[in-house]
Number of protein chains: 2
Amino acid sequence: MLLRADHYNVPKTKTDEHMRAFAEKVFASDAKDEDIREEISLFDVAEDCPILNQEHAMHEHHSLNYLFPTAYLICISFTAIFFTNHSPALILSYIFMHVLSKKMMLRATKDLDDKPLYLEVPDFQRVAIKGDYAAGVTMDDFELSCKGLYRALCIREKYMKLAIQRFSGTASQFLSAVEGEKWKVKNALLSSVFTAPPKQGEDPFDSKTLPENKGWVARMRDGVICIYKDAPAADKNEPMKLPAPDYATFIDDMNFLIALIAQGPTKTYTHRRLKFLSSKFNVHEMLNEMEEMKELKNNPHRDFYNCRKVDTHIHAAACMNQKHLLRFIKKSFRVDADRVVYKAKDKEMSMKDLFASLNLHPYDLTVDSLDVHAGRQTFQRFDKFNAKYNPVGASELRDLYLKTENHIGGEYFARIIKEVASDLEDAKYQYAEPRLSIYGCNPNEWTKLSSWFNKNRVFSPNLKWMIQVPRIYDIFRARNFVPHFGKMLENIFLPVFEATINPHANPELSIFLKHVTGFDSVDDESKHSGHMFSTKSPKPEEWDIAKNPSYTYYIYYMYANIAVLNQLRKERGMNTFLFRPHCGEAGAVTHLLACFMTADNISHGLNLKKSPVLQYLYFLTQLPIAMSPLSNNSLFLEYNKNPLLEFHQKGLVVSLSTDDPMQFHYTKEPLMEEYAIAAQVFKLSTCDMCEIARNSVLQSGLSAQEKTHFLGTGYLKEGPEGNDIRKTNVAQIRMAYRYETLCYELNLIKECLKGED
Amino acid sequence: MLLRADHYNVPKTKTDEHMRAFAEKVFASDAKDEDIREEISLFDVAEDCPILNQEHAMHEHHSLNYLFPTAYLICISFTAIFFTNHSPALILSYIFMHVLSKKMMLRATKDLDDKPLYLEVPDFQRVAIKGDYAAGVTMDDFELSCKGLYRALCIREKYMKLAIQRFSGTASQFLSAVEGEKWKVKNALLSSVFTAPPKQGEDPFDSKTLPENKGWVARMRDGVICIYKDAPAADKNEPMKLPAPDYATFIDDMNFLIALIAQGPTKTYTHRRLKFLSSKFNVHEMLNEMEEMKELKNNPHRDFYNCRKVDTHIHAAACMNQKHLLRFIKKSFRVDADRVVYKAKDKEMSMKDLFASLNLHPYDLTVDSLDVHAGRQTFQRFDKFNAKYNPVGASELRDLYLKTENHIGGEYFARIIKEVASDLEDAKYQYAEPRLSIYGCNPNEWTKLSSWFNKNRVFSPNLKWMIQVPRIYDIFRARNFVPHFGKMLENIFLPVFEATINPHANPELSIFLKHVTGFDSVDDESKHSGHMFSTKSPKPEEWDIAKNPSYTYYIYYMYANIAVLNQLRKERGMNTFLFRPHCGEAGAVTHLLACFMTADNISHGLNLKKSPVLQYLYFLTQLPIAMSPLSNNSLFLEYNKNPLLEFHQKGLVVSLSTDDPMQFHYTKEPLMEEYAIAAQVFKLSTCDMCEIARNSVLQSGLSAQEKTHFLGTGYLKEGPEGNDIRKTNVAQIRMAYRYETLCYELNLIKECLKGED
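The structure displayed is predicted, hence computed values, not measured ones.

Q: So what's going on with the side chain of Ser696(B)? Which residues, and what values?
A: Residues and elements named next belong to chain B. In this structure, Ser-696 sits in helix 30 (residues 686-699). Residue classification places Ser-696 among the buried residues on the basis of a relative accessible area of 0%. Apart from residues lying up to four places away in sequence, Ser-696 is in contact with Lys-309, Val-310, Thr-312, Ser-655 and Tyr-675.

In structure tokens, the structure reads:
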């Protein structure tokens with residue numbers, strides 16, 4: 001079989017001897033030698049940038065002239081320096097690196113000629129591999145791996161479509177090509193629907209436009225809600241035809257993936273590909289860093305500060321920083337000391353009484369005594385971390401300030417959140433997706449939560465809401481709050497289904513759901529359940545033991561319900577939900593596998609470090625990961641060991657998020673603090689930071705209208721075509737590099753499978 | 001000789017078998033074992049803190065009862081875990097660790113019984129060494145080292161007194177004890193004088209209270225300004241008797257120190273002591289972290305956010321962040337587009353013309369095109385870093401926005417600084433000490449600078465001013481701006497002497513000098529001059545070659561002039577100046593040696609890593625170091641390799657500073673960003689952060705009035721007596737640990753020298 005990497009099939013170029021000699025000099029010389037410094041600097045910034053800048057402004061709507069002759073460079077000594085840590089086979093595959101001609105470049109990003117200037121990709125140096133052999137593994141192993149990876153991609157595509165979640169257009173296109181089908185753009189773009197922001201004068205709490213009652217009946221069967229035409233149909237169990245995941249198939253698919261991630265040859269192959277991706281990015285940066293920077297410098301009016309960023313993972317109950325909470329408590333005491341705010345055992349207490357009963361006076365309170373900040377004590381101690389949610393260790397204060405349901409109807413919590421929102425609105429370019437809890441203890445939870453939301457009018461254009469479901473069935477069962485796991489699922493999902501079928505029956509909930517964009521599954525992943533998810537697992541209605549089901553069990557049933565729910569809502573023209581669980585923060589790698597099958601995107605993903613196969617699959621499918629290195633630093637992994645930089649370099653889609661500003665951050669701008677620290681510790685370039693910010697917008701539940709506004713009209717397209725540098729400040733060179741690199745990896749699989757036919 | 005560590009001469013205590021068994025269980029157990037977690041947590045926060053808190057508030061003026069029985073613990077298995085990296089000799093010396101009895105503790109912090117509650121040190125666990133032998137070196141080596149260190153301390157004490165700078169009271173007390181003198185408190189407290197902040201209604205620019213003209217004459221002789229009664233005395237070279245450093249003695253002292261830091265036995269001894277200090281701190285933290293935290297939690301109203309912190313090292317020309325500068329440029333263009341702001345070759349230009357000539361429009365400007373932020377390109381490239389001071393690479397813009405001397409009289413620069421000051425005033429607890437340049441090119445520089453200061457009324461209670469002198473004689477000489485190095489020194493110092501003798505001759509300068517607190521010496525330390533400072537070095541007036549003198553040569557002549565100047569100003573009742581050079585950022589360790597002799601405190605100090613002798617001397621003399629890890633991260637040393645944490649643990653006096661927010665920081669609060677990143681990466685506790693903040697206030701040029709207000713009335717005292725936890729939020733346990741540790745190290749030297757007599 002001959003592996004053709006069409007994309008890079010360049011005519012052999014003539015070596016520029018002068019360039020080679022220069023390159024050799026560069027890498028042979030000792031950087032400490034002062035005399036040569038000026039001359040050899042790889043990182044020189046073009047001196048002419050003000051002029052370029054002006055030219056750009058003047059000729060914004062003319063096309064650029066390619067003034068610079070294309071340089072050809074074979075740079076053997078260069079590679080030898082950068083890849084000393086790699087296997088000889090891998091090194092050999094790098095030996096030749098070419099600068100592709102302009103013609104090639106244009107072919108790679110084809111059809112751009114009639115595009116506006118901002119979509120053009122400037123000339124840059126590309127890394128190409130000569131020779132047929134790609135990965136230093138035997139042919140048999142290569143074929144085995146490619147088949148496995150291909151099937152894995154198909155599995156994810158299937159489950160994403162089923163739940164109306166997103167799947168990488170590029171990956172989808174390659175799957176079609178393998179299957180010999182013609183790929184339809186529409187197919188790939190079929191995806192989640194989010195509520196657009198209210199128009200001028202429109203009230204986000206308006207209930208007039210809610211759709212009519214369909215009169216259908218929703219009932220839970222085997223842990224998944226089914227929809228029936230009417231009650232008799234429900235009694236006869238004759239559900240309407242809505243696509244839903246099949247339990248046995250899901251288990252089959254999962255077992256296949258479990259085998260795949262443990263398969264030796266696939267582990268070797270993916271490990272090598274990931275190493276290659278990492279090295280390739282390093283070379284790309286060496287060669288093009290200054291060109292990328294030049295694009296950004298020439299990009300008027302947009303920089304890291306005014307490109308949009310979304311805090312893709314933040315818990316509402318910890319979305320303010322510790323100082324903010326402290327100030328709020330003190331302020332509330334000054335104003336409301338005599339107000340009845342708490343009820344304990346039928347005894348009403350004023351705020352004064354409450355603090356007196358805690359032997360506290362708010363004036364004396366400090367962030368130290370408040371004690372909500374994670375420190376060295378919380379490292380590897382998720383239990384202690386959870387206790388930090390109680391200000392001054394007092395659950396009464398958590399209740400009063402950080403809960404939606406309490407004696408004052410969650411008023412303080414709503415006010416704190418609105419203050420956070422107002423800071424975001426002032427900052428203008430920052431958005432957040434706070435997560436509120438639904439526990440599944442009680443079917444009224446949704447009513448209470450949506451009532452809090454509507455009564456307090458907790459709306460901000462800079463906030464998008466998510467629902468988090470803690471995996472604590474065991475606690476509820478032990479206290480006899482629920483008879484079995486099925487009841488918990490019913491409490492979580494049935495009210496949403498009912499509000500979807502008849503929005504007018506519970507208008508507050510229906511309005512709240514319009515502003516909800518997804519579901520999360522949360523808890524300490526390092527807790528081990530001891531249960532294995534299989535065909536023999538009891539059905540949720542039969543799960544009445546005190547033991548908690550496994551992570552995968554939770555994930556499957558949440559996914560299955562969301563899938564049906566999204567089908568129903570889409571049919572009704574309503575917004576749909578994403579499944580965005582916490583995953584891979586700790587615990588087994590199977591968590592990451594379950595989410596590869598079910599989640600639109602995940603939070604954390606640290607444990608991808610442990611499985612090259614899953615990591616490579618997350619890369620191939622461009623599955624977004626909201627990472628929170630400051631949170632990890634206090635809980636699971638020291639900052640400089642965080643894989644964020646490594647993932648970013650390899651091309652995994654990562655965003656930065658704060659998780660819990662109350663516990664982890666010091667400054668008034670937690671998201672900026674998160675970016676600043678990552679920039680400093682990982683030495684991120686501006687282009688890196690803007691790419692991460694762009695990822696965060698794509699990953700988020702912002703509506704299509706907002707994404708178009710923030711990223712450009714083509715944001716659904718992948719590669720440079722989907723990037724409007726004027727809005728994102730991400731260099732087109734970077735976009736082209738990412739796109740070509742992804743295509744190259746997918747192509748390897750395609751060519752292998754084709755060769756086999 | 002018997003080494004008596006009086007301080008720790010405790011009666012042998014009885015082992016509590018139960019405690020030992022428990023401790024062994026703790027260290028034998030695997031932390032991963034979930035069942036044992038709860039039980040063994042070393043870091044448990046007391047559950048009773050709200051109650052304690054209230055008790056504290058209620059009984060603030062009563063004395064605490066020592067309710068807890070003193071525990072005794074010999075913890076052999078414990079040490080074995082933590083010191084596996086240390087030499088066996090060192091480990092052996094740790095084997096016994098005692099919790100001193102309450103009686104001992106009170107003896108250690110003697111005379112506290114009649115002190116207010118906040119000065120009390122709570123019971124804590126101390127590390128004591130049993131046996132005579134301290135450092136694992138031979139007796140001869142030990143004596144040799146102690147003699148050398150003793151002389152080094154005497155040298156620093158001498159030069160600090162001479163220049164009216166500060167010397168550690170504790171070290172001074174020990175030197176007196178060695179010499180058999182009675183140490184006088186007054187002696188140690190003799191130190192710099194800073195201008196108090198203006199009282200209510202007082203004008204900081206008021207020139208009415210300036211002292212009268214003394215009519216003396218100041219002339220430069222051999223690079224140092226001398227004061228004469230009158231002109232005839234000057235002609236006859238009969239100077240007034242002002243104490244001044246003696247050149248030959250200085251060289252002698254320096255040569256002694258050079259020999260000392262290269263001396264094998266002293267290197268071994270100090271290296272071992274430093275390792276011991278580091279390990280001792282780790283043990284202290286293990287044992288007392290929660291006790292320290294408890295103190296802070298019980299400390300009402302004060303936390304890290306509202307304890308004072310000073311940005312001890314910040315350049316005025318880069319004191320705003322990049323976004324601030326960008327916004328200012330845009331705003332100025334909107335308002336002043338037609339104003340004449342620049343003059344090039346006799347042609348006056350409006351702001352519009354100026355930007356047009358640069359082919360720029362401010363609207364298009366971004367932080368990327370502004371290009372003042374340091375990135376990966378500046379690492380190990382101080383030259384590139386300096387170029388970053390030019391916005392958009394255009395020196396015209398640097399001139400217009402970041403200079404005190406330009407066509408608009410430095411108006412924009414003054415406005416930017418006042419905006420920064422106003423942010424600090426709003427933040428209330430943050431102060432900064434911006435540094436302005438005097439080049440020594442021209443005798444008018446001072447007049448122009450002080451005129452800028454007065455005309456623009458650049459005063460803020462949150463700013464203290466410093467003068468930085470770049471070491472760029474070679475550039476001035478090459479352009480023939482100065483005939484020799486002596487002239488440069490004269491330009492720098494003569495105007496200050498003249499204003500000191502006759503304040504009314506130049507009231508603007510005299511007023512400016514009231515607000516100046518020190519001098520800095522700046523430039524790239526990694527540039528090597530090739531010149532060795534010795535008795536044979538040409539005198540400054542003879543130094544007319546194009547080559548730059550060495551770092552030490554610069555430092556000596558700046559120091560000598562400041563010493564005389566301070567004597568003169570002190571006599572006249574004026575404020576004095578500190579010498580606070582950049583030192584040890586790069587280059588030779590001799591820089592750190594020169595500053596050990598001459599500087600009140602230094603900036604950077606990274607290279608102390610390279611010399612254990614100097615590092616130990618900096619510890620013994622508690623010489624403050626303003627560190628800027630974010631700056632280092634962009635220029636010389638990656639963040640997680642920064643020695644800040646190591647220095648802090650050993651007990652060197654470190655503070656955190658920003659250096660150049662324009663180049664290094666991202667957020668609106670650069671100093672908080674600096675603290676936040678250090679806290680995250682180094683996992684600093686609140687007590688660590690508050691200790692560093694306290695260090696920054698002590699190190700700064702804030703007046704005695706302000707220091708009393710921010711740190712408490714006893715701030716000049718060392719140890720727990722000097723700490724008012726209600727203002728500093730530093731635990732008294734920490735203060736006692738630091739103080740006892742310093743005394744122990746000084747005592748080792750004292751006892752050795754006594755034994756020898």
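Q: Explain the pattern of salt bridges residue by residue, including any values.
A: Two side chains bearing opposite charge may form a pair once their charged atoms approach each other closely. On inspection of all chains with the given rule, the structure shows 71 salt bridges over all chains. A salt bridge links Asp206(B) to Lys208(B); its shortest N-O distance comes to 3.9 Å. Connected through salt bridges with shared partners, the residues Glu285(A), Glu289(A), Glu292(A), Asp688(A), Glu691(A), Arg734(A), Arg738(A) and Arg376(B) form a single ionic network.

Q: Please set out the relation of the copies chain A and chain B residue by residue, giving values where relevant.
A: With an RMSD of 0.0 Å, chain A superimposes on chain B once it is rotated by 180 degrees and translated 0.0 Å along the axis. Interpreted geometrically, this transformation is the action of a two-fold axis. For chain A, the smallest separation between a C-alpha atom and the rotation axis is recorded for Ile677(A), amounting to 3.1 Å. Here 100% of the contact residues of chain A are again contact residues in chain B; the copies associate through an equivalent surface.

Q: Talk me through the interface of chain A and chain B; I want residue IDs and the actual numbers.
A: Opposite the 75 residues of chain A that make contact, chain B presents 76 residues. In total, about 6300 Å² of surface goes out of reach between chain A and chain B, with carbon and sulfur atoms giving 50% of it. The partner of Glu669(B) in a salt bridge is Lys668(A), and the shortest N-O contact between them spans 3.8 Å. Inspection of the chain A/chain B interface yields 28 residue pairs in polar contact (both at pLDDT 80 or more). With seven residues, helix 29 (residues 670-682) of chain A is the largest single contributor of residues to the side of chain A that touches chain B. Residues belonging to the side of chain A that touches chain B are distributed by class as follows: 28 nonpolar, 23 polar and 24 charged.

Q: Before we move on, could you go through helix 11 (residues 247-262) of chain B and cite the residues and values that matter?
A: Along its 16 residues, helix 11 of chain B runs 23 Å from first to last C-alpha, staying within 8% of the 22 Å computed at 1.5 Å per residue. The complete set of buried residues in helix 11 of chain B reads Tyr247(B), Phe250(B), Ile251(B), Asp253(B), Met254(B), Phe256(B), Leu257(B), Leu260(B) and Ile261(B).

Q: Describe the sheet that holds strand 7 (residues 465-470) of chain B, naming the residues involved and giving the relevant values.
A: Residue and element names in this part refer to chain B. Taken in spatial order, the five strands of this open sheet run 3-6-7-8-9, and their pairing is parallel. Single-partner strands in this sheet number two, and they are strand 3 (309-315) and strand 9 (578-579). Taken strand by strand, helix 30 contacts strand 3 and strand 9, and its axis lies near 60 degrees from that of strand 3.

Q: Tell me about the packing of aromatic side chains, residues and numbers included.
A: In total, this model carries 88 aromatic pairs over all chains according to the counting rule given. Ring geometry for Phe328(B) against Tyr401(B): centres 6.1 Å apart, planes inclined by 90 degrees, an arrangement best described as edge-to-face. With Phe328(B) in helix 13 (residues 322-336) and Tyr401(B) in helix 17 (residues 395-402), this residue pair connects regions lying 73 residues apart in the sequence. Note on Tyr401(B): relative accessible area 0%, which makes it buried. Clustering of aromatic rings is evident, with ring pairs tying together Tyr159(A), Tyr247(A), Phe250(A), Tyr473(A), Phe485(A), Phe533(A), Trp543(A), Tyr553(A), Tyr554(A), Tyr556(A), Tyr557(A) and Tyr559(A). Sitting over the face of the ring of Phe304(B), Lys309(B) holds its NZ or CZ atom 4.7 Å from the ring centroid.

Q: Describe the nonpolar core, naming the residues involved and giving the relevant values.
A: Membership of the largest hydrophobic core comes to 397 residues, with the highest contact counts inside it found for Tyr401(A), Phe519(A), Tyr618(A), Tyr401(B), Phe519(B) and Tyr618(B). Beyond its immediate sequence surroundings of up to four residues, Phe519(B) is in contact with Trp446(B), Met466(B), Ile467(B), Phe493(B), Met558(B), Ile562(B), Leu565(B), Phe577(B), Leu578(B), Phe579(B), Arg580(B) and Pro581(B).

Q: Can you tell me about unusual backbone geometry, naming the residues and giving the values?
A: With phi around 70 degrees, His301(A) is a residue other than glycine that occupies positive phi space. Structurally, His301(A) can be placed in the loop between helix 12 (264-297) and strand 3 (309-315). A positive phi angle is found at Asn237(B), which is not glycine, with a value near 55 degrees. Residue placement: Asn237(B) occurs in the loop between helix 10 (231-235) and helix 11.

Q: Now, about the sheet that holds strand 11 (residues 602-604) of chain A: what can you tell me, with residues and values included?
A: Strand order in the open sheet made by the four strands is 10-11-12-13 (chain A), with parallel pairing throughout. Each edge of the open sheet carries a strand with a single partner, namely strand 10 (582-583) and strand 13 (654-656) of chain A.

Q: Run through the pairing of strand 7 (residues 465-470) of chain A, naming residues and quoting values.
A: A regular strand carries its side chains on alternate faces of the sheet. All names here are of chain A. Counting buried residues in strand 7 gives six out of six residues, a clear majority hidden from the surface. Side-chain alternation along strand 7 places Trp-465, Ile-467 and Val-469 on one buried face and Met-466, Gln-468 and Pro-470 on a second face that is also buried. In the sheet, strand 6 (residues 430-437) pairs with strand 7 via three bridges, with the strands oriented parallel. Residue pairing for strand 7: Arg-435 is matched across the bridge by Met-466. For the segment spanning strand 6, helix 19 (residues 445-455) and strand 7, crossover handedness is right-handed. Relative to strand 8 (residues 516-522), strand 7 runs parallel, the two sharing six bridges. Counted as the bridge partner of Trp-465 is Val-516 from strand 8.

Rules of the game
Residues numbered from 1 in each chain as written. Chains lettered and ligands numbered in written order. Predicted model: local features only at pLDDT ≥ 70, side-chain atom pairs only at ≥ 80, totals over all residues. Heavy atoms only, no water. Helix = DSSP H or I, 4+ residues; strand = E, 2+ residues; numbered from the N terminus. Buried < 20%, exposed > 50% of the residue type's maximum accessible area, 1.4 Å probe, protein only. Contact = heavy atoms within 4.5 Å. Salt bridge = Lys/Arg side-chain N within 4 Å of Asp/Glu carboxyl O. Least-squares fit on C-alpha atoms with pLDDT ≥ 70 in both. Buried area = accessible area lost by both parts, 1.4 Å probe. Polar contact = N/O pair within 3.5 Å; in protein donor to acceptor, adjacent residues only side chain to side chain. Nonpolar A, V, L, I, M, F, W, Y, C, P; charged D, E, K, R; others polar. Expected span 1.5 Å × (residues − 1). Pairing = 2+ DSSP bridges. Axes fitted to C-alpha atoms, helices over the stretch in contact; angles between N-to-C directions. Phe/Tyr/Trp six-rings, centres within 6.5 Å; stacked < 30°, edge-to-face > 60°. Lys NZ or Arg CZ within 6 Å of the ring centre and 35° of its normal. Core = buried A, V, L, I, M, F, W, Y, C linked by side-chain atoms within 4.5 Å. Right-handed = clockwise from strand over helix to strand, strands pointing away.

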